[in-house]
Amino acid sequence: MSDSLQDQLNAAIQVERLVDTAVKIIGIPSPTLSAKSAADKLAEILEVDGFKVERPDANWPESPAVFVSYDSGQPGKTLQFNGHLDTVHLPFVEPRVEDGKLYGSGASDMKGGVAAMCEALRILRDTGLLKSGKILLTAHDHHEAPWGDGRQVKALIEEGYVGDGVLIPEYLSECLPILGRGMAILDVNITREGEPVHEVQGGLEQPSVIAAGAELICRFSELDIQLTKLTHPLGARESIFIGQVHAGEIYNQSPTKFYLQGTRRWLPGSSKDEVEKEFHDILKEVGELKGIKVEGKFNFMLDSYELNQDNPLLPAFQSAYLKVTNRSLPLGPKPFLDDGNNFISKAGIPAITHGPAAKGAHTVNEEVPIDELKRVALIYALTAILFCAKSDE
């Protein structure tokens, strides 16, 4: 790849246009299941830019997805840029640009990344440097759990809105993630018969949902220690995590309910079914030990994966990254779930998650450096040229 190619792409990037796109879609609240207005705005922006936009329902007609196809006119592979427009359910923060950074709801996760992939699409079109193959751009709702269940991206895949490889601009920039863990959200309810009662009016004699909950927490903690032995050479490990527990209304009342929620993550090589059975076996043991009702749901989200490093997308991406940053990106694990797990398991294509070095995801303090958005746009455009190229180019 010649330096002039990179120079042309770099010169074509319009940072003001990129930031304007980001500000416009960040400025529209789009909590999961309610991203229609943001999707409408993105579609409008792309149509004004001269792209033909389709709006497939993709199993969520309340907020149709956004789809664009840019074809070079010559045979070659198809690279997809995919992002979600919904945000977690937190108080809305208006967008602002200050000291070279972009702030606001979704700036990190992941409207800033969506704006960057749109800019990559534009500069490929504006320069005409994509000589073979084509680019697909998809943006959708229903991503953030527990409000969404991923149905829209799954439907897009099932309906054929899929390339030969996909780039996803989530807020992961420090490694090239070739490993992804599977995950389930754990919900546990421990209950006893009867009504809540004062401790001195029979409360001490009741089966204790809190004691059973404490036993369960200890069992999960012991399991997590055992899971530290299940590690991958890239550093990821299996885990069980408790994020919240609730019981009782007042200090001297015997409650009837105890609730626990957390996650279970596993590596490639572990069976989802075996992991789920292990969870339910622990619940059964605690229930029998404490003589109390313990029920749980193993809410399966996505399975684990490991990318084939021989797939052409990986060297294309690494070459583009090296050209833009003058350094190689180390291989590593992906710490979270994203749409890449779906593309790998359901579409059978390689998925690389790489986005800006952003901060504050899933908080009200999201921020992303504008230079990072520019970097992502350039890497995506270069990757597309390399990946989509015919063998003789």
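Since we're looking at a predicted model, the values are computed, not measured.

Q: What's the story with the overall build of the chain in this structure? I'm lost.
A: Helix and strand counts for the chain stand at 10 helices and 18 strands. A compact globule built from 393 residues should have a C-alpha radius of gyration of about 21 Å, and the chain, at 24 Å, falls within 12% of that. Dimensions of the chain, computed from the C-alpha atoms along their principal axes, are close to 80 × 40 × 40 Å. Across the 393 residues of the chain, 52% fall into the buried class. Pairs at least 24 apart in sequence give 80% of the contacts found in the chain among residues at least 6 apart. When the accessible surface of the chain is split by element, carbon and sulfur atoms take 49% of a total near 17000 Å². Of the charged side chains in the chain, 38 are positive and 56 negative; the average position of the first set lies 2 Å away from that of the second.

Q: Help me understand the environment of Lys 154 in this model?
A: If you trace the backbone, Lys 154 turns up in helix α5 (residues 151–158). For Lys 154, a relative accessible area of 21% gives the class partly exposed. In this structure, the C-alpha to C-alpha distance between Lys 154 and Asn 342, residues 188 residues apart in sequence, is 6.8 Å. Here Lys 154 is in contact with Asp 149, Asn 342 and Lys 346, once residues within four sequence places are set aside.

Q: Would you mind going over the sheet that holds strand β2 (residues 66–71) with me for this structure?
A: Read across the open sheet, the 6 strands follow the order β1-β2-β6-β3-β7-β17; overall the sheet is mixed. Of all the strands in the sheet, the pair left with one neighbour each is β1 (53–54) and β17 (351–353). Pairing of β1 with β2 involves 2 bridges; the strand directions are antiparallel. Paired with Val 53 across the strands is Val 68, a residue of β2. Sheet strands in contact with helix α3 (residues 36–48) are β1, β2 and β6 (134–140), and its direction is about 25° off that of β2. Across the sheet, helix α4 (residues 107–127) lies against β2, β3 (78–84), β6 and β7 (165–168), angled at about 150° from β3, the strand it touches most.

Q: Teacher, can you tell me more about the nonpolar core here?
A: In globular proteins that are soluble, nonpolar side chains generally tend to be buried together. Judged by nonpolar contacts, the single largest core of 75 residues is most densely connected at Leu 42, Leu 46, Leu 79, Phe 81 and Ile 135. Per-element tally for this core: the top contributor is helix α10 (residues 370–388), with 12 residues. Those residues in contact with Leu 79 that sit more than four places away from it in its chain are Lys 134, Ile 135, Leu 136, Gly 165, Val 166, Leu 167, Leu 313, Thr 383, Ala 384, Phe 387 and Cys 388.

Q: Can you walk me through the side chain of Ser 105 in this structure?
A: Examined against the element boundaries, Ser 105 turns out to sit in the loop between β5 (101–103) and α4. From its side chain, Ser 105 meets the backbone nitrogen of Val 93 in a polar contact 2.7 Å long. Setting aside residues no more than four positions away along its own chain, Ser 105 makes contact with Ile 26, Thr 87, Pro 91, Phe 92, Val 93, Lys 111 and Glu 366.

Q: I tried to follow the pairing of strand β9 (residues 182–191) on my own but got confused; where do I start?
A: Sheet faces and side chains relate simply in a regular strand, where the side chains alternate between the two faces. The buried fraction of β9 is high, at 8 of 10 residues. Pairing geometry for β9 and strand β13 (residues 257–266), over 10 bridges, is antiparallel. By the bridge assignment, Ala 184 is partnered in β13 with Arg 264. Bridge count between β9 and strand β14 (residues 293–302): 9 bridges; the pairing is antiparallel. Its bridge partner being in β14, Asp 187 is matched across the sheet by Lys 297.

Q: How do you make sense of the packing of aromatic side chains when you look at a structure like this?
A: For the structure on display, the rule yields 8 aromatic pairs. Consider the rings of Phe 67 and Tyr 161, whose centres lie 4.7 Å apart with planes at 70°: the pair is edge-to-face. Of this pair, Phe 67 sits in strand β2 while Tyr 161 is found in the loop between α5 and β7, placing the two residues 94 residues apart along the sequence. Of the two residues examined, Phe 67 and Tyr 161, each falls in the buried class. The interplanar angle of 45° and the centroid separation of 6.0 Å between the aromatic rings of Phe 279 and Phe 298 together place this pair among those described as tilted. Highlighted residues: Phe 279 in helix α7 (residues 272–290) and Phe 298 in strand β14, separated in sequence by 19 residues.

Q: I would appreciate a short explanation of the layout of surface pockets in the present structure.
A: Each pocket or cavity is described by its volume, and for the largest pocket that value is around 740 Å³. For the largest pocket, the lining is made up of 33 residues, of which Glu 144, Ala 145, Met 183, Ile 185 and His 362 are closest to its centre. At the level of secondary structure, the elements contributing two or more residues to the lining of the largest pocket comprise β9, β11 (239–247), β13, β14 and α9 (339–347). Tallying contributions element by element places β13 first for the lining of the largest pocket, with 4 residues.

Reading the values: the criteria
- Residues numbered from 1 in each chain as written.
- Predicted model: local features only at pLDDT ≥ 70, side-chain atom pairs only at ≥ 80, totals over all residues.
- Heavy atoms only, no water.
- Helix = DSSP H or I, 4+ residues; strand = E, 2+ residues; numbered from the N terminus.
- Rg over C-alpha atoms; globule rule 2.2 N^0.38 Å.
- Buried < 20%, exposed > 50% of the residue type's maximum accessible area, 1.4 Å probe, protein only.
- Contact = heavy atoms within 4.5 Å.
- Areas by Shrake-Rupley, 256 points an atom, 1.4 Å probe, with all protein chains shown as cover.
- Lys, Arg positive; Asp, Glu negative; His and termini not counted.
- Charge placed at Lys NZ, Arg CZ, Asp CG, Glu CD.
- Pairing = 2+ DSSP bridges.
- Axes fitted to C-alpha atoms, helices over the stretch in contact; angles between N-to-C directions.
- Core = buried A, V, L, I, M, F, W, Y, C linked by side-chain atoms within 4.5 Å.
- Polar contact = N/O pair within 3.5 Å; in protein donor to acceptor, adjacent residues only side chain to side chain.
- Phe/Tyr/Trp six-rings, centres within 6.5 Å; stacked < 30°, edge-to-face > 60°.
- 1 Å grid on protein atoms, 1.4 Å probe; cavity = no way out; pocket = protein on both sides within 12 Å on 5 of 7 lines; lining within 4 Å.
- Points joined across faces, edges and corners; volume = space filled by probe spheres on them.

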